[in-house]
Amino acid sequence: MDVVDQLQQIGPVLGAVFAGVRPEQLDAPTPCDRFVVRDVLQHMVDGATAFTAAYGGEPSSASRDAHDPLDAIGPALGALVAAISAPGALDRTIDAPWGAVDGDSFARYIVLDGLVHGWDLATATGQPYDPPDAVVAEADAFAHGLVDQLRNGEAFAPAVAPPEDAT
């Protein structure tokens, strides 16, 4: 499946989760170690802002304004999807946190990151979370080819086996 299609399919799912976060939940703990809801949202805003610039061939800049990440998340992710969808963007070399990578591969990482943090936010705020199976399958296959080499106990902890009945 094309990575832009994946982004377009998870957009409404993530949008529903963001819309379901209440301001009083911003300081709630998440499954993402050492991050509360506000931190996960701000991480997503900062990443989207930096990688929008990277896909546009510009120097990275992050917002670092955690006062209202709920207002910032939608526009930041919308700008990122637009930047990734621009002609030639997937052919660029992107300066990823782990080094230079082609734009298509990094967009797949963004899908994975969005899926994971969408689950973090949904879990922390008691919301349902049901991303498209095809997108999850694509992200899972991509993750097995990338994340194992990035496991350092910090950003990526050791792998765990999901329960047999996990969705």
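Refer to the structure above for everything that follows.
A brief structural summary. Keep in mind it's a predicted model, so treat the numbers as computed, not measured. (Residues numbered from 1 in each chain as written. Predicted model: local features only at pLDDT ≥ 70, side-chain atom pairs only at ≥ 80, totals over all residues. Heavy atoms only, no water.)

Scanning the protein chain from terminus to terminus reveals 5 helices and 2 strands. Each helix and strand of the protein chain, placed in order from N terminus to C terminus, yields the pattern α-α-α-β-β-α-α. A compact globule built from 167 residues would reach a C-alpha radius of gyration of about 15 Å, and the protein chain, at 15 Å, matches this within 12%. Relative to its full complement of 167 residues, the protein chain shows a buried share of 41%. Partitioning the intrachain contacts of the protein chain with sequence separation of at least 6 by distance along the chain shows that 66% fall at a separation of at least 24. Put simply, the protein chain shows about 9100 Å² of open surface, and 55% of that area lies on carbon and sulfur atoms. (Helix = DSSP H or I, 4+ residues; strand = E, 2+ residues; numbered from the N terminus. Rg over C-alpha atoms; globule rule 2.2 N^0.38 Å. Buried < 20%, exposed > 50% of the residue type's maximum accessible area, 1.4 Å probe, protein only. Contact = heavy atoms within 4.5 Å. Areas by Shrake-Rupley, 256 points an atom, 1.4 Å probe, with all protein chains shown as cover.)

Here the focus is helix α5 (residues 133–150). Compared with the 26 Å implied by 1.5 Å per residue over 18 residues, the 25 Å span of α5 between its first and last C-alpha is a close match. For α5, the principal kink sits at H144 and spans about 40 degrees. (Expected span 1.5 Å × (residues − 1). Bend = angle between axes of the 7 residues up to and from the residue.)

Here the focus is the environment of E24. With respect to the helices and strands, E24 occurs in the loop between α1 (3–20) and α2 (37–55). Along the chain, E24 and T52 lie 28 residues apart, while their C-alpha atoms are 29 Å from each other. Here R22 takes part through its side chain, which lies 2.8 Å from a polar atom of the side chain of E24. (Polar contact = N/O pair within 3.5 Å; in protein donor to acceptor, adjacent residues only side chain to side chain.)

The next thing to look at is the pairing of strand β2 (residues 99–102). Pairing between strand β1 (residues 93–96) and β2: 4 bridges, direction antiparallel. Within the sheet, the bridge partner assigned to I94 lies in β2 and is V101. A loop of 2 residues connects β1 with β2, the two strands running antiparallel in sequence. (Pairing = 2+ DSSP bridges.)

So, about the packing of aromatic side chains. Under the criterion given, the structure shown has 2 aromatic pairs. Aromatic side chains F106 and Y109 sit 5.6 Å apart centroid to centroid with 25 degrees between the ring planes, which places their arrangement in the stacked category. On the criterion of helical spacing, the pair formed by F106 and Y109 is a turn pair, its members being 3 residues apart in helix α4 (residues 103–124). For Y109, a relative accessible area of 13% corresponds to the buried category. An aromatic cluster is defined as three or more aromatic residues linked by ring pairs; in this entry it consists of F51, F106 and Y109. (Phe/Tyr/Trp six-rings, centres within 6.5 Å; stacked < 30°, edge-to-face > 60°.)

The next thing to look at is unusual backbone geometry. Although it is not a glycine, R34 adopts a positive phi angle of roughly 70 degrees. Structurally, the position occupied by R34 is in the loop between α1 and α2. When its relative accessible area of 61% is taken as the criterion, R34 is described as exposed.

It is worth spelling out the packing of α1 against α4 at this point. Taken N-terminus to C-terminus, the directions of α1 and α4 make an angle of 20 degrees; their axes are 10 Å apart at the nearest point. Between α1 and α4, the crossing angle belongs to the class labelled roughly parallel. In this structure, α1 crosses over α4, and the sense of that crossing is left-handed. Residues V3, Q6, L7, I10, L14, V17 and F18 of α1 form the contact with α4, whose participating residues are D104, A107, R108, I110, V111, G114, L115, G118, L121 and A122. Partitioned by chemical class, the residues of the contact of α1 with α4 number 12 nonpolar, 3 polar and 2 charged. (Axes fitted to C-alpha atoms, helices over the stretch in contact; angles between N-to-C directions. Parallel < 35°, antiparallel > 145°, perpendicular 65-115°, else oblique. Left-handed = near helix turned anticlockwise from the far one by under 90°. Nonpolar A, V, L, I, M, F, W, Y, C, P; charged D, E, K, R; others polar.)

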